[in-house]
Amino acid sequence: MAQKQRSLFIISGPSGVGKTSVLREVIKQDENTDNQLTLSISYTTRPPRKGEIDGVNYFFVSVPKFEQMKSNGEFLESATVYGYQYGTGKQWIEKQLQKNDCDIILEIDVQGAIQIMQNQFDNCSIFIHPPSLETLKERLHSRQTDAKEVIQKRLEIAQQEIELSEQFDYWVTNDNYEKSILGIQAIICSYRLKNSHQ
Ligand code: 5GP
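> Tell me about the site of the ligand, and please be specific about residues and values.
Taken together, 15 residues lie around the ligand, and S42, R46, Y58, Y86 and D109 are the ones closest in. Between E77 and the ligand, the recorded distance is 2.7 Å, taken from a side-chain N or O atom to a nitrogen atom. One nitrogen or oxygen atom from the side chain of Y86 is found 2.4 Å from an oxygen atom belonging to the ligand. Coverage of the ligand by the protein chains reaches 91% of its 510 Å² of free accessible surface. Broken down by secondary-structure element, the contributors of at least two residues to the shell around the ligand are β5 (75–81) and β6 (84–89). Classifying every residue of the shell around the ligand by side-chain character gives five nonpolar, four polar and six charged.

> Tell me what's going on with the environment of C124, and back it up with residues and numbers.
Its location among the elements puts C124 in strand β8 (residues 124–129). We classify C124 as buried; its relative accessible area is 1%. Counting along the chain gives 115 residues from C124 to F9, while the straight-line C-alpha distance between them is 4.9 Å.

Thresholds applied
- Residues numbered from 1 in each chain as written.
- Predicted model: local features only at pLDDT ≥ 70, side-chain atom pairs only at ≥ 80, totals over all residues.
- Heavy atoms only, no water.
- Near = heavy atom within 4 Å.
- Polar contact = N/O pair within 3.5 Å; in protein donor to acceptor, adjacent residues only side chain to side chain.
- Areas by Shrake-Rupley, 256 points an atom, 1.4 Å probe, with all protein chains shown as cover.
- Helix = DSSP H or I, 4+ residues; strand = E, 2+ residues; numbered from the N terminus.
- Nonpolar A, V, L, I, M, F, W, Y, C, P; charged D, E, K, R; others polar.
- Buried < 20%, exposed > 50% of the residue type's maximum accessible area, 1.4 Å probe, protein only.

Quick look at the structure:
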């Protein structure tokens, strides 16, 4: 009989591409599967935004605490994104991998994704593309969370990230919310089936 094996999924893509809302729906719709998707909670030095809760959205830590964790080797990957540090806690992932009932999903930036793709566990990586840089710019403006200069910086970084997207296993272009969800679900389903007979 096929043995159940946990899978590690990585979702990445430029800021404003819509990965958080697509991912939220994918996780919600995955709730009753055998290997329910569990989203990793990252550590960050960024201050919480309105409505964000420590231990739910992120573990919000000070710069010295983050540096200390980094030098203790407590991160699976870490990166500086828009001036703040972000990292995936190694201990949390290892604990989840010991459990037999969930798959892990990381929503992280491209630098961190590449670190994991290059030297960690088997994983399935998905890059979410914007339909165009122009659409991305419109989305970033409509969020009304960032100043003009910040949006400009995010667009420059987005361009660099798109160049690195070739290193990912799959691409999904988020030109339609429902279609993106279906695309990601199909990838997850196919990777799980592949994993189940290895
Ligand atoms: P935000 O501050 O807007 O929540 O996230 C900014 C960026 O940091 C997003 O691209 C997000 O995917 C990325 N990010 C969140 N957590 C991590 C992490 O643990 N590691 C890395 N490398 N990037 C992360």
